[in-house]
Amino acid sequence: MSLFLIVALPFLGALLPGLMNQAGRQACFTATFLVTLLATLGLATHVPAVMAGEVITAKLDWLPGLGMNVNLFLDPLGLMFAGLILVIGLLIIAYARAYLSRKDNMGEFFTYLLLFQGAMVGIVLSDNVLMLLVFWELTSLSSFLLIGYWKHLPEGRQGARMALAVTGMGGLALIGGMLLLGRIVGSYDLTVILENRDVIQASPLYLPALILILLGAFTKSAQFPFHFWLPHAMAAPTPVSAYLHSATMVKAGLFLMARLWPVLSGSDWWFWIVTTAGLTTMVLGAVIALFKNDLKALLAFSTVSHLGLITFLLGTGSGYAAMAAVFHILNHASFKAALFMTAGIVDHEAHTRDITRLGGLRKLMPITFGIATIAALSMAGIPLLNGFLSKEMMLEEAAHTKIFGSYWLVPVAATVGALFSAAYSFRYIVHTFLGEGPKDAPSKPHDPPMGMWISPALLIVPVVLIGIMPFLAEPFVKTVTYAVIGGAVEMPDAHLKIWHGLTPALYMSIIAVLGGALLLSLFAPLARGWAAAPRPEAKDIFDGIVAFFVGLARGITLGLHNGAFTRYAAIFTVTVTGLGLHAWMTGTGAAPTREMLPITINALAAWAMLVAAAGMIVFVHRNRLAVLILMGIVGLFVSVGFNYFSAPDLALTQISVEVVTIILLLLALNFLPNRTPKESGVGRRLRDGVIALLGGLAVFGLIYSMLMTDFVQPSISQYHLDNSYKGGGGDNVVNVILVDFRGFDTFGEIIVLGIAAIVIYALTEALLSSPVRAQLLNRGYESRRAGDAHPLMMVVLTRVMMPIVLMVGVYIFLRGHNEPGGGFIAGLVVAIGVVMQYMASGFAWADARQRYPYHGIIGAGVLVAGLTGIGAWFFGAPFLSSAFGYFRIPPMQEFELATAMGFDLGVFLAVVGAVMLSLESFSRLGRRQGDKPSEYAMDIDPSRDEEKEG
Amino acid sequence: MELLVASAVGILTAAGIYMVLRLRTFPVIIGVSLLTYAVNIFLFASGRLATDMPPILRDGVDAYTDPLPQALVLTAIVISFGMTAVVVIIALGAWLSCSDDYVDDPELHSGQQAADPNPRGGSFR
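If you're wondering where the values come from, they're calculated on a predicted model, not measured in any experiment.

Novice: Explain the overall build of chain A to me, please; I cannot follow it from the model alone.
Specialist: On a plain count of helices and strands, chain A comes out with 42 helices and six strands. What you see for chain A is a C-alpha radius of gyration of 40 Å, clearly larger than the 30 Å of a compact globule of 950 residues, by over 25%. The principal-axis extent of the C-alpha atoms belonging to chain A is close to 130 × 65 × 65 Å. Intrachain contacts of chain A at a sequence separation of at least 6 include 79% that bridge at least 24 residues. Within the structure as shown, chain A displays about 40800 Å² of accessible surface, and the carbon and sulfur contribution to it stands at 69%. A distance of 11 Å separates the average location of the 57 positive side-chain charges in chain A from that of its 56 negative side-chain charges.

Novice: Before we go on, may I ask you to explain the side chain of T281 of chain A in this structure?
Specialist: All names here are of chain A. Structurally, T281 can be placed in helix 16 (residues 268-290). Given the relative accessible area of 1%, T281 is considered buried. In this structure the side chain of T281 is engaged in a polar contact, spanning 2.5 Å, whose partner is the backbone oxygen of A277. Aside from chain neighbours lying at most four places away, what touches T281 is A222, Q223, F224, A286, V304, S305 and G308.

Novice: Would you take a moment to explain the interface of chain B and chain A for this structure?
Specialist: Many structure descriptions define interface size as the accessible area lost when the parts assemble. With 90 residues of chain B at the interface, the matching set in chain A holds 116 residues. Both faces combined, the contact of chain B with chain A buries some 9200 Å², and carbon together with sulfur accounts for 77% of it. Area buried by chain B at its contact with chain A is led by M1, R48 and F81 of chain B, which between them contribute 9% of it. Applying the counting criterion to the chain B and chain A interface returns four salt bridges. With a shortest N-O distance of 3.1 Å, E819 of chain A and R58 of chain B are connected by a salt bridge. If you look at where chain B meets chain A, you find 24 residue pairs in polar contact (both at pLDDT 80 or more).

Novice: Honestly, the pattern of salt bridges in this entry has me stumped. Any pointers?
Specialist: Pairs can form between side chains of opposite charge once their charged atoms are near each other. Under the criterion given, the structure shown has 16 salt bridges over all chains. Among the ionic pairs, K539 of chain A bridges to D543 of chain A, the shortest N-O distance being 3.1 Å. Here D543 of chain A and K539 of chain A lie together in helix 27 (residues 538-560), a separation of four residues that amounts to about one turn. The partner of R924 of chain A in a salt bridge is E765 of chain A, with the nearest N and O atoms 2.5 Å apart. You can see R924 of chain A sitting in helix 41 (residues 899-924) and its partner E765 of chain A sitting in helix 35 (residues 743-768), a full 159 residues away along the chain. Ionic contacts of the salt-bridge type, sharing partners, join the residues R624 and E679 of chain A together with R24 and D101 of chain B into one network.

Novice: Explain the nonpolar core here, please?
Specialist: In summary, soluble globular proteins display a tendency toward joint burial of nonpolar side chains. Counting residues in each nonpolar core, the largest one holds 195 residues, and the members touching the most others are M178, W229, L260, L264 and Y428 of chain A. Top contributing element to this core by residue count: helix 18 (residues 319-350) of chain A, with 21 residues. Two domains each put at least three residues into this core: domain 1 (1-264) and domain 2 (265-468) of chain A. In contact with Y428 of chain A, other than residues within four places in its own chain, are L295, L298, L299, L339, T342, A343, A372, A376 and F433 of chain A. Ranked by size, the runner-up nonpolar core spans 137 residues in total, among them V638 of chain A together with A15, Y18 and A91 of chain B.

Novice: Would you mind going over the layout of surface pockets with me for this structure?
Specialist: It is a probe the size of a water molecule, rolled over the atoms, that shows where empty space is left. Residue and element names in this part refer to chain A. Size it by volume and the second largest pocket reaches roughly 1200 Å³. Together, 42 residues line the second largest pocket, and P231, H232, M234, D294 and A297 are the ones closest to its centre. Elements supplying a minimum of two residues to the lining of the second largest pocket: helix 8 (154-185), helix 12 (229-232), helix 16, helix 17 (295-316), helix 18 and helix 27. Tallied by class, residues from the lining of the second largest pocket come to 23 nonpolar, eight polar and eleven charged.

Novice: What is the right way to read the domain arrangement of chain A from this model?
Specialist: Structurally, chain A comprises domain 1 (1-264), domain 2 (265-468), domain 3 (599-673) and domain 4 (730-944). Centre-to-centre, using C-alpha coordinates, domain 2 of chain A lies 81 Å away from domain 3 of chain A.

Novice: Looking at this structure, how should I read empty space enclosed by the protein?
Specialist: Under the defined criterion, the tally for this structure stands at eight cavities of 30 Å³ or more. Here the largest cavity is characterised by a volume of approximately 130 Å³. Breaking the lining of the largest cavity down by element, the ones donating at least two residues are helix 31 (648-669) of chain A together with helix 2 (25-45) and helix 3 (67-98) of chain B.

Novice: Where do I start with the packing of helix 3 (residues 25-44) of chain A against helix 5 (residues 76-99) of chain A in this structure?
Specialist: Two numbers describe a pair of packed helices, the interaxial angle and the distance between the axes. Residue and element names in this part refer to chain A. As a packed pair, helix 3 and helix 5 sit with axes 10 Å apart at the nearest point and diverge in direction by 165 degrees. By the angle between their axes, helix 3 is roughly antiparallel relative to helix 5. Seen from above, helix 3 lies across helix 5 with left-handed handedness. Across the interface between the two elements, R25, Q26, F29, T32, F33, T36, L37, A39, T40 and L43 of helix 3 pack against L79, A82, G83, L86, V87, L90, I93, A94 and R97 of helix 5. Taken together, the residues of the contact of helix 3 with helix 5 sort by class into twelve nonpolar, five polar and two charged.

Novice: Before we go on, may I ask you to explain the UniProt feature "domain: MrpA C-terminal/MbhE" (unreviewed entry) in chain A in this structure?
Specialist: Mapped onto this numbering, the UniProt entry gives "domain: MrpA C-terminal/MbhE" (unreviewed entry) at residues 684-764 of chain A. Split by type, residues 684-764 of chain A is 83% helix and 0% strand. Its first and last C-alpha atoms lie 35 Å apart.

Novice: How should I be thinking about the packing of aromatic side chains in this particular structure?
Specialist: Aromatic ring pairs are defined here through the distance separating the ring centres and the angle between the ring planes. Evaluation of the coordinates by the stated rule reveals 19 aromatic pairs over all chains. Ring plane angle 80 degrees and centroid distance 5.5 Å describe the contact between F116 of chain A and Y243 of chain A, whose orientation is recorded as edge-to-face. Of this pair, F116 of chain A sits in helix 6 (residues 106-125) while Y243 of chain A sits in helix 13 (residues 238-247), placing them 127 residues apart in sequence. Y243 of chain A matches F116 of chain A in its accessibility class, with the two residues each being buried. The ring of W136 of chain A carries the charged tip of K220 of chain A above its face, separated from the ring centre by 5.1 Å. Between R48 of chain B and the ring centre of F711 of chain A, over which it is positioned, the NZ or CZ distance is 4.7 Å.

Novice: Would you mind showing me how to read unusual backbone geometry here?
Specialist: Between F224 of chain A and the following residue, P225 of chain A, the backbone shows a cis peptide bond with an omega angle of 5 degrees. Positive phi, normally seen in glycine, also occurs at H351 of chain A, with a value near 60 degrees. Along the chain, H351 of chain A falls in the loop between helix 18 and helix 19 (361-364). Phi is positive for D52 of chain B, close to 55 degrees, though the residue is something other than glycine. Structurally, D52 of chain B can be placed in the loop between helix 2 and helix 3.

Novice: Can you help me understand the UniProt feature "transmembrane region" (unreviewed entry) in chain B in this one?
Specialist: All names here are of chain B. Per the UniProt record, "transmembrane region" (unreviewed entry) is found at residues 26-50 and 71-96. Taken end to end, residues 26-50 has its terminal C-alpha atoms 36 Å apart, with 80% of it in helix and 0% in strand. The span residues 71-96 is 100% helix and 0% strand, and its two end C-alpha atoms sit 38 Å from each other.

Novice: What's the story with the confidence of the model for chain B in this structure? I'm lost.
Specialist: When pLDDT is low, close inspection of the predicted coordinates is not appropriate. Overall, the predicted model of chain B reaches an average pLDDT of 84, with 84% of residues at or above 70. Note that pLDDT drops below 50 for residues 111-125 of chain B; the model gives that stretch 31 contacts with residues more than four away or on any other chain.

Novice: Teacher, can you tell me more about a nonpolar patch on the surface here?
Specialist: All names here are of chain A. Together, L384, L458, V461, L465, I468, M469, F471 and L472 make up a nonpolar patch on the protein surface, roughly 710 Å² of accessible area in all. By the element assignment, L472 lies in the loop between helix 23 (450-468) and helix 24 (474-485). Judged by its relative accessible area of 47%, L472 falls in the partly exposed class.

Novice: Any chance you could explain the environment of P462 of chain A here in plain terms?
Specialist: Residues and elements named next belong to chain A. When you line up the elements, P462 lands in helix 23. Along the sequence, P462 and L385 sit 77 residues apart, while their C-alpha atoms lie 9.0 Å from each other. Apart from the residues lying within four places of it in its own chain, the contact partners of P462 are S334, N386 and G467.

Reading the values: rules and limits
Within any chain, residue numbers begin from 1 and follow the written order of that chain's sequence. Whichever chain is written first becomes A and whichever ligand is written first becomes 1, with later ones labelled in order. Residue-level local features of this predicted model are given only where pLDDT is at least 70; pairs of side-chain atoms are given and counted only at 80 or more, and the full residue set underlies all totals for whole chains, interfaces and linings. Computation of side-chain values covers all heavy atoms of the structure but excludes hydrogens and water. Each helix is a run of H or I in the DSSP string that is no shorter than four residues. Each strand is a run of E no shorter than two, and both are numbered from the N terminus. What the globule rule says is 2.2 Å times the number of residues to the power 0.38, and the radius of gyration is computed from C-alpha atoms. By definition, residues are in contact when any of their heavy atoms lie within 4.5 Å. Surface accessibility in these figures is a Shrake-Rupley result with a 1.4 Å probe; residues are shielded only by whichever protein chains are displayed. Asp and Glu count as negative and Lys and Arg as positive, but His and the ends of the chain are not part of the count. Charge placement uses NZ in Lys and CZ in Arg. For Asp and Glu, CG and CD serve respectively. Residue exposure (1.4 Å probe, protein chains only): buried if accessible area is under 20% of the type maximum, exposed if over 50%, otherwise partly exposed. Pairs of N or O atoms are called polar contacts if they sit within 3.5 Å, as long as, within protein, a hydrogen donor faces a hydrogen acceptor (for residues adjacent in sequence, only side-chain-to-side-chain pairs). Take the accessible area each of two parts loses on contact, using a 1.4 Å probe, and add the two losses: that sum is the buried area. A pairing counts as a salt bridge when a side-chain nitrogen of Lys or Arg comes within 4 Å of a carboxyl oxygen of Asp or Glu. Put simply, a nonpolar core is a bunch of buried Ala, Val, Leu, Ile, Met, Phe, Trp, Tyr and Cys residues held in one set by side-chain atoms that sit within 4.5 Å of each other. Just so you know, the domain bounds were taken from an automatic or database domain assignment. Using only the protein atoms, space was sampled on a 1 Å grid; points where a 1.4 Å probe fits but cannot get out form cavities, open sets with protein on both sides within 12 Å along at least five of seven lines form pockets, and lining residues are those with an atom within 4 Å of a point. Grid points are joined across faces, edges and corners, and a volume is the space filled by probe spheres set on the points. Classification convention: Asp, Glu, Lys, Arg as charged; Ala, Val, Leu, Ile, Met, Phe, Trp, Tyr, Cys, Pro as nonpolar; all other residues, Gly among them, as polar. In this description, a line fitted to the C-alpha atoms serves as the axis of each element, helices being fitted only across the stretch in contact, and the angle between N-to-C directions of two axes falls anywhere from 0 to 180 degrees. For classification purposes, an angle smaller than 35 degrees is called roughly parallel, one larger than 145 roughly antiparallel, one from 65 to 115 roughly perpendicular, and anything else oblique. In a left-handed crossing the near helix is turned counterclockwise from the far helix by less than a right angle, and in a right-handed crossing that turn is clockwise. UniProt positions are given in the numbering used here, feature names are shortened, and annotations may be inferred rather than shown by experiment. Stacked, tilted and edge-to-face pairs are distinguished by plane angle, under 30 degrees for stacked and over 60 for edge-to-face with tilted covering the rest, among Phe, Tyr and Trp rings (Trp via its six-membered ring) whose centres lie within 6.5 Å. In this scheme, Lys NZ or Arg CZ marks a charge over a ring once it lies within 6 Å of the ring centre and within 35 degrees of the ring normal. The pLDDT value expresses, per residue, how confident the predictor is, ranging between 0 and 100. The residues that make up patches have over 30% relative accessible area and no salt bridge, and they are joined within 9 Å when like-charged or within 5 Å when they are Val, Leu, Ile, Met, Phe, Trp or Tyr.

Given below as structure tokens:
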């Protein structure tokens, strides 16, 4: 099976349980199980080749420019982890089927579980480190969902949040580390990175990369001082604890260290950091585990301790230790997952996990007792079980490890760790299953149905089998070790054996087991001492740190964004101006390279008008009507300016937009107060004035220096000038750019314009279907009303002008390709002509004579423009390619027809529709109670009166 | 001439910022419109200033001003109308349905309103 499919299967399969939720629990389970089984079988097809030394790869270019390729590879290390993930996954799925109660949403659970499974398989098969990072984050997210699966439990939510915070932060660090690594090597492919040990270790970036990567690995694998999240993650359902927090996810950190072992290990830094962290975690975890009364908490800390053990082995940097690490990863996965499942069974049956309330379960639950005992003894390191073999190898390695110049520090620490490990393992058996009891269990427990104990029972098989016949595992362990070492050090020639002779490790092992038993016999006084001893509570520290940062973030955010728009507009202006000033002071401003154009007297006059109008706005702004007049003046002179500086199209557009904008604002002012009240004090106005002047000054400086220097690099405009006629068939380059070169932009923009108009229409509708409607209909009149709201002079004038305006519109439209004009301007001109009719004879009169809805006109415009663009497809050209030709129909002159004209027609229609729909919506608000569509165009009509009289 | 254009844009910006910092919706909308003028001229000016060189191709003429900023600004002018209209209808909706035309969070003004007998600057009759 393709590696792509193996990774994709869980993700695709994740859809199934969610969809099958209605089909029942069995259907959910079956779908999940089959998907995982299929992926497992797919993986199995590669086993012979991989064990024969072949590396299976699958490559797909995705974003080669970013170094982001979907490359997968399967080597023995990947095979071991993928196998663990999928096989234990199968057992967990079977166990979860029996474990979850009817109240639990099984589809949701299995969907999360498959997402997690896919992410894990993705991590271990990724060849590209960037992709590995994506999968890494996915495991953090999916584990967040799984830990918090019981949403009603506060511990579940808190534990999930803590796990996400810690592993997520580690993930961020890891991203940094991996990017550094990729930068050192110049490739993001793991297979390439792994071949560049010397380059990486010689690089000055080695240490930062190492620290960042280890942060990622340590947080994921719960190494001291990041170990505290793992026990809190135990609020998850037990299948999750067994799967994520013993067998797979927490081993992702170990996987990463093993994967990068050939290039990162061997340096002093690696040795000190990894070995120290591992040893500390091992001892600390083991000591805390002994005193935990919650079965799952005990197992959680024991997991922390064992992860520390493996980390320590990876840290020492010898081939023998690597082999021990690989072996222990396998062994730990089997006995610890089994132990978690037995804890879950006890919890499920006795309804408590509190060890002090249990005891004597051996008679009530013999099967569970048998499984738990074998697994726990393996964890304690008792001979003939697999835990003994790898722990013995660890002690052997510890006996030969020298740290901080001391020969005895490591062996002693390792022995203490092993001793406590034996003690808590014994306690798990003795206090739960032996003795009298159960002391205080809420319900009388018994063995669960087979569906629940079969999974741990199956996991026990390798525990015993490998424990008695270690040579069975040896070829596989050696192959994986070879892949881990990657040629960085020599392959160890040791063998997996039960009896190594009278080695120091054997004595340490004996001390550990006997000492462990002794500790347990002294448990009661020790536990009292432990309870009395002051200890830092990791959760409180974590919560304190989180609270500090939340407070900090809240303080900053509320300081800037307290809900006052004016406040952050001011802060924004000052900040941007400040940044600009900083750039101005520190950058190298270009000296003026252009000559200033001479100032003419006309230009000076226009400038004075513009500046005066803009200035006046500030001073008379409370009188809103006056502001609109001044705005009109500003707009007029802006368009005059455009015309003066060789932009006739802009001038035409600006002036017509100006007209519709002012009409729009007048309509709005019909409802809004006519005056702005005086509210700001002198201090505030002064402050705003200073900010405004600073901003204005900054913009002045920026634009002035821009205007006085030439382009930094040649503009692409020359291309447009050269090809406007040749390629677009038009002389008006601006129009050709709009409808041809950048037609796609324009297409988007008319759509935006149409959407804006429809938004206005929708908001008006919403207003008119709310209580506001009654308020509007019944409102009084602002002031004395005009005698004739629709005066004769205006009606006659607009009526006379309408055909002229339309003709001008058509003219502007048709000449647009070669002379100033075009669809935008023509649309605005025509819209103004129509608006004039509304103004002259009233909304109701005009509306009754309006045949086509404006939405339709917008739609038609977009459609026409789009169809013109699509037309190009029929000639094998891309969307919006244009064609043109010259025609002659006697007796007319020769004229040009271009497909761009069809496009421009679409622009025209969309602009007319959008402008009219906006203005019409505003007008509709103006209706009053008792208004009825007048049948006459004007209020006073002499000809009408004559008719009546006559 | 560059000095005139630059100073005009600066003054439009300053007036726009001042108006944007007012407390009611209408002046803020006017302020944004003034800033729109400023930004449009700024964009247009990025093609540098030239007189009597419109980008309309003519035989025998080979000096034209930069057409590209003009095309960009042309659509910007039209779109800015659409955006102004949307903001105006939102402001109008707030005023009509809540009689509130403050741009700031109303809670920040609760004290101020109590002191002012006619807090809304004229009411909706």
